[in-house]
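Here are the chains, one letter per residue:
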Amino acid sequence: QVQLVESGGESVQAGGSLRLSCAISDSTGVTVSWAWFRQAPGKQREGVAAIYGGSTYYAASVKGRFTLSQDSAKHTVNLQMNSLKPEDTATYYCAADSRPPLVERGVLRDALLSWGQGTQVTVSS
């Protein structure tokens, strides 16, 4: 069984920062990669960042502003978000998979094994 729980979403002003956390429990031992996605109302789900081993992926829209990291001691994956913009407003989801991240033409695929319930991030201008 793989379980993921997100936390840290809040309402902030443009230019502010937030840190999202994903608590991971994996009794199967098959999880090897983790990712963050986001979805705004009426829009498609968008890959934000992914990590596998020591390698990371970032969407062009967040590169340089967001940082993804793992804390093995706490069994968590964190997403540090700086210089937030109104277009970052969305529900953010943590996901995990038994395979390396799948990226095609710079876009992260969303066919992952396990998903959390999401945490809301709202950025006001």
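See the structure shown above.
Residues numbered from 1 in each chain as written. Predicted model: local features only at pLDDT ≥ 70, side-chain atom pairs only at ≥ 80, totals over all residues. Heavy atoms only, no water.

Trainee: Any chance you could break down the overall build of the chain for me, citing the residues and the numbers?
Mentor: When its secondary structure is counted, the chain shows zero helices and 13 strands. Starting at the N terminus, the α and β elements of the chain follow one another as β-β-β-β-β-β-β-β-β-β-β-β-β. Its C-alpha atoms give the chain a radius of gyration of 14 Å, near enough to 14 Å, the size a compact globule of 125 residues would have. Considering the chain as a whole, with its 125 residues, one finds that 40% of them fall into the buried category. Taking all contacts inside the chain whose residues are at least 6 apart in sequence as the whole, residues at least 24 apart take part in 60%. Accessible area of the chain: about 6,800 Å², with a carbon and sulfur share of 47%. The centroid of the 11 positive side-chain charges in the chain is displaced by 6 Å from the centroid of its 10 negative side-chain charges. (Helix = DSSP H or I, 4+ residues; strand = E, 2+ residues; numbered from the N terminus. Rg over C-alpha atoms; globule rule 2.2 N^0.38 Å. Buried < 20%, exposed > 50% of the residue type's maximum accessible area, 1.4 Å probe, protein only. Contact = heavy atoms within 4.5 Å. Areas by Shrake-Rupley, 256 points an atom, 1.4 Å probe, with all protein chains shown as cover. Lys, Arg positive; Asp, Glu negative; His and termini not counted. Charge placed at Lys NZ, Arg CZ, Asp CG, Glu CD.)

Trainee: Give me the lowdown on the sheet that holds strand E8 (residues 76–81), citing residues and values where you can.
Mentor: Taken in spatial order, the four strands line up as E1-E3-E8-E7 in an open sheet, and their pairing is antiparallel. Edge strands, defined here as strands with exactly one partner in the open sheet, are strand E1 (2–7) and strand E7 (66–71). Each strand of the sheet is rotated relative to its neighbour by a mean of 15°, with strand direction disregarded. Pairing of strand E3 (residues 18–26) with E8, which is carried by six bridges, proceeds in the antiparallel orientation. (Pairing = 2+ DSSP bridges. Axes fitted to C-alpha atoms, helices over the stretch in contact; angles between N-to-C directions.)

Trainee: How would you sum up the state of the cysteines? Please name residues and give values.
Mentor: Under the definition given, this model contains one disulfide. Note that Cys22 is cross-linked by a disulfide to Cys94, the S-S spacing being 2.1 Å. Where Cys22 bonds to Cys94 through sulfur, the torsion about that S-S bond is close to -85°, and the disulfide is left-handed. Of the two residues, Cys22 sits in strand E3 while Cys94 sits in strand E9 (residues 90–97), which places them 72 residues apart along the sequence. (Disulfide = S-S within 2.5 Å.)

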